Structure formats: C-alpha cells, structure tokens
Amino acid sequence: MFAALLIVGAVGAGAQQATGVKANVQQAGTERTGVQAAGLAKKADACSSGHEFAASDCALTWHGITLYGAYDVGVGWVSHGLPENGYNYEGESLVNRNAGSSRFLVAPNNLQQTGLGIRGREEFHPGWAVVFNASTGINPQSGLLANASMTDIINNGLPRGSYSEAIDGARAGQPFNDEFYGGVSSEHLGTVTFGRERSLGTDAMLVYDPAGGSYAFSYIGYNGTMAGGGDTEDSRWDDAVKYRIGYGAMHLGAMYKFADGSGGCYSSSATWTAATCTPESAHNNAYGGDVGGEYHRFSGDAVYQHYNQAISVVNPLLGPQSPSQSYQSTMDSINTNPITGANLISTSNTVWGIVTDNNAMMGAAKYTAEHFKYFGGFEYIWQNNPHHPLGVGASDQGGYFMSGVQDNNLDSEKITRIWWLGVKYAYDSKTDVTFAWYGQLQNDFRVPQPCSVTAGFRPACAGTLDEGSLYMDHRFTKRFDGFAGLAYSFVTGGLAIAIPNSGVPFLHNSNFAPTIGGRFSF
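Now for a look at the structure at hand. (Residues numbered from 1 in each chain as written. Predicted model: local features only at pLDDT ≥ 70, side-chain atom pairs only at ≥ 80, totals over all residues. Heavy atoms only, no water.)

What follows is about the side chain of Lys424. Position of Lys424 among the secondary structure elements: in strand 21 (residues 414-426). Buried and without a salt bridge, Lys424 has Asp432 as its closest oppositely charged side chain, separated by 4.9 Å. Engagement of the side chain of Lys424 in a polar contact is seen with the backbone oxygen of Pro210, the distance being 3.4 Å. (Helix = DSSP H or I, 4+ residues; strand = E, 2+ residues; numbered from the N terminus. Buried < 20%, exposed > 50% of the residue type's maximum accessible area, 1.4 Å probe, protein only. Lys, Arg positive; Asp, Glu negative; His and termini not counted. Salt bridge = Lys/Arg side-chain N within 4 Å of Asp/Glu carboxyl O. Polar contact = N/O pair within 3.5 Å; in protein donor to acceptor, adjacent residues only side chain to side chain.)

Here we take up the environment of Phe104. Looking at the secondary structure, you find Phe104 in strand 5 (residues 103-108). Along the chain, Phe104 and Val75 lie 29 residues apart, while their C-alpha atoms are 7.5 Å from each other. Residues within four places of Phe104 in sequence aside, it is in contact with Gly76 and Trp77. (Contact = heavy atoms within 4.5 Å.)

Here the focus is the state of the cysteines. Enumeration according to the criterion identifies three disulfides in this entry. There is a disulfide in this structure between Cys47 and Cys58, and the S-S distance comes to 2.0 Å. Note on the Cys47 and Cys58 pair: the S-S dihedral is about 95°, so by sign convention the disulfide is right-handed. Taken as a pair, Cys47 in the loop between strand 2 (30-33) and helix 1 (50-55) and Cys58 in the loop between helix 1 and strand 3 (60-62) lie far apart in primary sequence, eleven residues in all. Exposure remark for Cys58: the relative accessible area of 6% places this residue in the buried category. (Disulfide = S-S within 2.5 Å.)

With an omega of -5°, the peptide bond between Val447 and Pro448 qualifies as cis. Its location among the elements puts Pro448 in the loop between strand 22 (431-442) and strand 23 (463-475). Its identity is not glycine, yet His296 carries a phi of approximately 55°, on the positive side. Relative to the helices and strands, His296 resides in the loop between strand 14 (286-295) and strand 15 (298-312). The class of His296 is exposed, set by a relative accessible area of 70%. The phi angle at Thr336 is positive, at roughly 70°, despite the residue not being glycine. Structurally, the position occupied by Thr336 is in the loop between strand 16 (333-334) and strand 17 (337-338).

Within the structure shown, the criterion is met by 15 aromatic pairs. Considering the side-chain rings of Phe217 and Tyr471, the 4.5 Å spacing of their centres and the 10° angle between planes classify their relative orientation as stacked. Here Tyr471 lies in strand 23 and Phe217 lies in the loop between helix 3 (200-208) and helix 4 (219-222), a separation of 254 residues in the sequence. Look at Trp237 and Tyr307: their rings are 5.7 Å apart centre to centre, the planes differ by 70°, and that puts the pair in the edge-to-face class. Residue Trp237 is found in strand 10 (residues 236-247), and its partner Tyr307 is found in strand 15; the two are separated by 70 residues along the sequence. The exposure classification of Trp237 matches that of Tyr307, with both residues buried. Within the aromatic cluster, the residues linked to one another by ring pairs are Phe53, Phe520 and Phe522. A cation sits over an aromatic face here: Arg119 above Tyr68, 4.6 Å from the ring centre. Directly above the ring of Tyr89 sits Arg171, whose terminal nitrogen or CZ lies 5.9 Å from the centroid. (Phe/Tyr/Trp six-rings, centres within 6.5 Å; stacked < 30°, edge-to-face > 60°. Lys NZ or Arg CZ within 6 Å of the ring centre and 35° of its normal.)

So, in structure tokens, the structure goes:
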C-alpha cells in the first residue's frame, strides 16, 4: 500500500516514509520531494530548540525516531447538509444521500487529516535499516478517533430525517487507523514492510490528485472508491506486505494482503435460521502492483489492484420508523432475507454491507511547468458478486461485525469509471491556487434494464457523479497555512438513489460547499 507515510493519518497530504519509491506529496500546501529510493534522501534536521520548531520545518527527531502530525480545522457552509457527527472525519463537502437543509458547520480535516504519528529508521548494517510507522487520525472538532463505522452505527434504526452525517471509510476507530507497520530497507534491494498499510491506489492518489487528497476539495480524497480500487474501506489494507524499489528514474511496487477475520454464517435459503446457515471462512485476500517513473518534468504511474470480499457500508441500518425493510435493524439478514429464528448476533452495534470481488486499473500523470503543475488520471473498476459469500457475523473493519450482508447485489458486472483533471498555480513562493474537476460514471448493470425517468431509477441503473473545486492556500510560516475555497458536486441516475434495493432518491442531488480554515503541521 504505500511507500508514503501520512503526516497525519488520513487520506490527506503528508510526509512520506522510506519504502523504496520516489514520490511527491503535499505538505502545508507545498509539494516536496519525498524520501527517495530506500529512504536515502536528505532528511529534515532535528529541532534543537522551541524557537527553531516554531520558525522552521525542523523535525521532532530523537535517536532516529520522529514524532509528526497536523491539526486542520475550519468553518463552512453547505447548501444541503446534516447535523454534525463527532466520529465523522471527512466533513460535509460532498453531496450526501440523506442531506437536508443548508447549514453552517465546523469543517474538519480539510487539506489533510488531523492526527499524530511516530516513525523511525535505524541503520543496523551499512546500507540496511529497520523502518517503522504508526499513525492515527483524530477529529479536531470532537477529539474522537476517526471512525466511519460508528457514524453509521449511531444512526442505526433512526428515521431518515433524524440522521447525523454518516459515511463509509477505512478508518474505524482503530488505535492506529492510518498505518501501523514495520520492515527492512536496503539501499540496493528496496524496502519491504508488513502490517496495516495504505493501498497502492492511495499512494498514487496522494501524488497525482491536484488537491493532494483533500477532504474539502477533492472527490477522490473524500471518497476512497478510486484509492481502494472499488470500495473506500480498502484504501488501507490490514495484514499486508508491501515491497517498493527504485532504479534510476523508475520505481516498482507490489502488495499482498492475507485473509483475516471471520466469514460469518451464510445460507442461500430465504427461510434460513441459525441452525441452517453454514459457517464461512474469510477469503478477503488482495494483491496489487505499481509501475511508474519520471522523465524531465513528467511523471506517471500505472496501478492494478484486486480485492476479494470487499465490503461497502452504504447506509445506516434501517429501523422500525424507516419507510421500508425494517428487519435490517431488528434481525439478522442475508441478501435481504431476514432470519426466521433468534438473532445470531446483536444488531445494536453492527453494520449492513454489500460484498463484491473488485478489480481496478488506474493510470495517472503529472507535468510540472514554470508556475503550473498539471494533473490527470483515469481508473477503470469492475466488480462482481463474491466468489465466496460472506454471512451474518462476518468481520468488517475495526473489529465491527455485519448483522446484514448482501452477496447478490449485482445483477451483472458493475463497471465504474473515475477520472480527474486539475492544475495548481504558484502565485508566489507562499501562495498556491488549485482548480480540479472529478467525474464518476457507472454502467447500467440492472437485469432487466428498464432504467428511465418513467420506469424509475434504481441503484443498479447508470449514473454520474461530478465535483469541481477551486481553493487558495497561503503559507504564513513553514508550519502554518490558511486556505479558502469552494466545492460543488452533483449526482444523476442510479448514483442518485439513496437506499439500496429501492428507488428512494437522494433528498437533494447537489451540494455547494465553501470552506475557510487553517492547518498547523509538524
């Protein structure tokens, strides 16, 4: 998953740790060259005093161990939003399926994720070193650990009009919800690490997104579909080994995730019970590869990712006061078939999700001119119903379990195309202006396909999502910058359907979100 090392834990810009790849990341609004092949690039000098820490970008390093982090918060207004949720780490800039009226709100983690991390590199033999990284995301508005799963759980069973902001994402309240890994780095043979790591797609997104993975101004930063190769929860992989190596202007990467967790108890019968479902094993392994390089002012990467039993938590569990399918929060269900006996597991602290096997191929490029940097990329994702189904009680991320699981959500193969273009203009040495546009197109995978305005749209119908953003970032010091900008997003067709297995639409299919704030990083 990454050679990069988050300077705060989230899909945001940050300092990058040595993993044998030369990559560029954004920190405090300015692109800097990350640690190069096997981490041999010049490192920031360690801070020697409080004054130096405040006035420069020196590192908080002691005996090869560095403490790093950031605090990013602002205020904003959204044309269609929801009450704030202390577990939500992404803000409300993107159009939301359940969003209602306009509102002012606290906007967390706009350019990057607030959080803390500790990383190290200690040479034990000439040309060889031990490396490690542990980082986590914290919500600046509440002090809670970033936890996408809990944003859904605390809304479980509520009527739709009573929801607070609910999201899906790779951070689920883990102590180290960004990365937690260790490994060995060689000057000539590259770097291998093992643990919880960012996916190769997330690595590429942080380099080639014009907004650097911003939650406030980037669709591919806010929503991890692109970074995770089909599902946002897969923008980070647990129990994964990653290998990176650089050779001249070229770099290569490979990643493998071992299967882990529980597969739950599955039955294909519409009248299943706790006695008739079959215990399943987890088959959620994954693998991917990356190849890229640089030529003069041009750089590019191609990334492939495959993930089995990928999980998408698309909405809080519906409850007795919801318009339909009340069983989803009152009893366990498989493929929308409720259990006919006692629950296998409690539904009070669980999630409901759709399971697929995912493949994704992505290409991205960047070109640097005098005062401009140009960015672009495209990803092709194809998803199918899982070869090995999950059942009730299957593991989701962060130690949570699924009381509702749907393994047959796709009538036919689902194809998603995601693209983006953008430009960053350096007005002077301290000020950047960035414009970006992101698009997502979904095919019509419904069988039969009566998808039209008159016949009614469903989630399996073709649809689009678009977001455009414009923002300015000014660095007052090397550690503190302020930013202001706006984002506009809208959805159509099947992507504008809010509740799975229904024709219930978004309450509003667009959102306008201006934001202003500041960030302190170290």
